[in-house]
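The lines below spell out each chain.
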Amino acid sequence: MGMVSIGPLAIPNGAFAGLLAFLTFTILVSVAKRRVDAKLERWSTIALVVGVITARLVYVALHWATFSANPLRAFMLWQGGFEWIAGAVAAVISTLFVIRPWRTRGLAIAILGASALVWIAAGMILNGAKTGVPLPDVTLTDSSGANIELRAYASGPVVVNMWATWCPPCRRELPAMEKQAAQNPDLPFLFINQAEEPALVQAYLTQQSLNLKHVLFDTHSQLARELRTTGLPMTLFFYDGILTDIHAGEISPEALSQKTATLLGKKHAK
């Protein structure tokens, strides 16, 4: 759930949908350059570079309030964060400058459109399969060793973050998680550590000066098995015990804020 497994590789759904779109784009360009116009190969490189850079720059500009504290995060592309509509518009505009014959221009724009449709369709299929899952009925422990029933959080909104101290993306996203949890005291953030000793985890949190409430321990990775998740970190958003959204891999502060707001919106709509 949340990732597509290919052998030992685990690819987030969004990245996998993008990969399918890229493969579609590459195949269509390869066929078109042989049968129509060899200049399409040069165009494809320019369109991709212009589209991706524009999509990222527009996203960063729109979320500058959070990026301004650490501008280097603009280069952390693995966190996600692209305004693809702006990127698509930039790619189409670049087509008008790079490709001259209108027939070839039309074909180039059609290739962009087909690739975008593959991306959207794949994303809808993969994302549609991940929601509607109930909050698992598993028993975890807290730092004192007391048993905690996860289903006790089946009422209202709750954010579940599956993590481990050995996982670099988990470590990078924890400060943003801590900040978001502090800003929303009425929204439980459950930090469920996977298969590590509580003493080791507590030592790490103290060392990093992280004040996380609701730290729970899943010593046998029951939650991952129940949800059929692959890889860490994994952030899940539940409302009334039903999964409404999931983010596989490192989540950016912007995406976390947006998804948290959406989850709280369900509560306020009632």
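The structure contained in this document is the topic of the report that follows.

Moving on, we come to the layout of surface pockets. By volume, the largest pocket amounts to about 1800 Å³. Lining the largest pocket are 48 residues, with G14, G18, F82, W84 and W119 sitting closest to its centre. Of all the secondary structure elements, the ones that give two or more residues to the lining of the largest pocket are α1 (13–35), α2 (40–62), α4 (84–98), α5 (102–128), β9 (242–248) and α9 (253–269). Examining the composition of the lining of the largest pocket, we find that nine residues originate from one element, α1, more than from any other. In terms of residue class, the lining of the largest pocket is built from 26 nonpolar, 17 polar and five charged.

With that settled, consider the nonpolar core. Counting residues in hydrophobic clusters, the biggest one holds 24 residues, and the most contacted among them are W163, L174, F189, F191, L205, L212 and V215. Non-local contacts of L212, meaning those with residues more than four positions away in its chain, are made with L174, E178, F191 and L205. Membership of the second largest hydrophobic core comes to 21 residues, among which are L150, V160, M162 and A248.

Bringing helix α7 (residues 198–207) into the picture now. Restricting attention to buried positions, one finds in α7 the residues V201, Y204 and L205. Relative to the axis of α7, the buried residues are bounded by an arc of 95° and lie together on one face. Opposite the buried face of α7, at more than 90 degrees from it, the exposed residues are A199, T206 and Q207. Residues of α7 that are buried in the fold lie against β5 (157–163), α6 (168–183), β6 (189–194) and β7 (215–218). Phi turns positive one or two residues past the end of α7, at S209, with a value near 55°.

Once that is clear, we can look at the packing of α2 against α4. Relative to each other, α2 and α4 sit at 145°, their axes nearing to 7 Å. Crossing geometry of α2 relative to α4 is assigned as right-handed. Contacts between α2 and α4 pair R42, W43, I46, A47, V50, G51, V52, T54, A55 and V58 from the former with W84, A86, G87, A90, A91, S94, T95 and V98 from the latter. The class makeup of the residues in the contact of α2 with α4 is 12 nonpolar, five polar and one charged.

This brings us to the packing of aromatic side chains. Under the defined criterion, the tally for this structure stands at five aromatic pairs. With centroids separated by 6.2 Å and ring planes inclined at 85°, the aromatic side chains of Y59 and F67 adopt a geometry described as edge-to-face. Exposure remark for Y59: the relative accessible area of 8% places this residue in the buried category. You can call F67 buried: its relative accessible area is 0%. Ring plane angle 20° and centroid distance 4.8 Å describe the contact between F82 and W84, whose orientation is recorded as stacked. Classification of W84 as partly exposed rests on a relative accessible area of 36%. Taken together, the ring pairs connect F82, W84 and W119 into an aromatic cluster. Seen from the ring of F82, R56 lies directly overhead, with NZ or CZ sitting 5.6 Å from the centre.

Moving on, we come to the state of the cysteines. Tallied over the entire structure, the rule returns one disulfide. Across the disulfide, C167 is cross-linked to C170 (sulfur-sulfur distance 2.5 Å). Judged by the torsion about the S-S bond (80°), the C167/C170 disulfide is right-handed. Exposure class is identical for C167 and C170. Each is buried.

Reading the values: the criteria
Residues numbered from 1 in each chain as written. Predicted model: local features only at pLDDT ≥ 70, side-chain atom pairs only at ≥ 80, totals over all residues. Heavy atoms only, no water. 1 Å grid on protein atoms, 1.4 Å probe; cavity = no way out; pocket = protein on both sides within 12 Å on 5 of 7 lines; lining within 4 Å. Points joined across faces, edges and corners; volume = space filled by probe spheres on them. Helix = DSSP H or I, 4+ residues; strand = E, 2+ residues; numbered from the N terminus. Nonpolar A, V, L, I, M, F, W, Y, C, P; charged D, E, K, R; others polar. Core = buried A, V, L, I, M, F, W, Y, C linked by side-chain atoms within 4.5 Å. Buried < 20%, exposed > 50% of the residue type's maximum accessible area, 1.4 Å probe, protein only. Contact = heavy atoms within 4.5 Å. Arc of directions from axis to C-beta. Axes fitted to C-alpha atoms, helices over the stretch in contact; angles between N-to-C directions. Left-handed = near helix turned anticlockwise from the far one by under 90°. Phe/Tyr/Trp six-rings, centres within 6.5 Å; stacked < 30°, edge-to-face > 60°. Lys NZ or Arg CZ within 6 Å of the ring centre and 35° of its normal. Disulfide = S-S within 2.5 Å.

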